[in-house]
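# Residue-level structure breakdown
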Amino acid sequence: MLDFFMGHYAYWFTMILLSVGLYGMLLKKNLVKKTIGLTIFQGGVILFFVSVAMKEGATVPVKADGLPVSEVSNYMNALPHTLMLTAIVVGVATLGVAYALLIKIYNRYGTLNEEELIDKIQ
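The numbering scheme is per chain: residues are counted from 1 as the chain's sequence reads. Two thresholds apply to this predicted model, a pLDDT of at least 70 for residue-level local features and 80 or more for giving and counting side-chain atom pairs, whereas whole-chain, interface and lining totals are computed over all residues. The side-chain numbers reported here are obtained from all heavy atoms of the structure, hydrogens and water having been left aside.

## Things to note about the packing of helix H3 (residues 31-53) against helix H4 (residues 79-109)
- Packing of H3 against H4 brings their axes to within 10 Å, and their N-to-C directions diverge by 180 degrees. For the element pair H3 / H4, the angle class is roughly antiparallel. Facing H3, whose interface residues are Leu31, Val32, Thr35, Ile36, Thr39, Gln42, Ile46, Phe49, Val50 and Ala53, H4 presents Pro80, His81, Met84, Ala87, Ile88, Gly91, Leu95, Ala98, Tyr99, Leu102 and Ile105.
- A class-by-class count of the residues in the contact of H3 with H4 yields 16 nonpolar, 5 polar and no charged. What counts as an axis is a line fitted to C-alpha atoms, over the stretch in contact for a helix, and the angles between N-to-C directions run from 0 to 180 degrees. Per the convention used, a helix needs a DSSP run of H or I reaching at least four residues, while a strand needs a run of E reaching at least two, with both numbered from the N terminus. Angles are sorted into four bins: roughly parallel if under 35 degrees, roughly antiparallel if over 145, roughly perpendicular if 65 to 115, and oblique for all others. Contacts are residue-level and defined by heavy atoms, with any inter-residue pair within 4.5 Å sufficient. Lys, Arg, Asp and Glu make up the charged group, whereas Ala, Val, Leu, Ile, Met, Phe, Trp, Tyr, Cys and Pro make up the nonpolar group; the residues left over, Gly among them, are polar.

Spelled out as structure tokens, the structure:
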């Protein structure tokens, strides 16, 4: 049983990150904390995709003299890693825009509490 948990530690850590991020997004009232929860959730999703794409004993998909091209099990698929690298870049850009919007919201309404904002907007 312990071997099962230790053998799948990346999946357990992914589940913890997803749970913490979802908790932050749904149950916190401060918009900065919601944004941090979104970032943690995104990190969990990226970790999941990278850990699923990992292949034990495989190498990068570059032709090498010692590895036959016909044996595809020697190579790792680079597409999931490439997509997750793109997701990280898009996530950082989105996070920057979100924080810029939060600064504008705070300057206009004087609070970042979700309930107080709804009261002030109505």
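## Some details on the packing of aromatic side chains
- Under the pairing criterion, centres of Phe, Tyr and Trp rings, with the six-membered ring standing for Trp, must be within 6.5 Å; the plane angle then separates stacked pairs below 30 degrees from edge-to-face pairs above 60, leaving the rest tilted. Taken as a whole and assessed by the stated rule, the structure comprises 2 aromatic pairs.
- Aromatic side chains Tyr11 and Phe48 sit 6.4 Å apart centroid to centroid with 65 degrees between the ring planes, which places their arrangement in the edge-to-face category. Here Phe48 lies in helix H3 and Tyr11 lies in helix H2 (residues 9-27), a separation of 37 residues in the sequence.
- Taking the centre distance of 5.8 Å and the plane angle of 75 degrees together, the rings of Phe48 and Phe49 count as edge-to-face.
- What makes Phe49 partly exposed here is its relative accessible area of 40%.
- Ring pairs connect the aromatic residues Tyr11, Phe48 and Phe49, which therefore count as one cluster. When a residue's accessible area, from a 1.4 Å probe over protein chains only, is under 20% of the maximum for its type it is buried; when over 50% it is exposed; and in between it is partly exposed.

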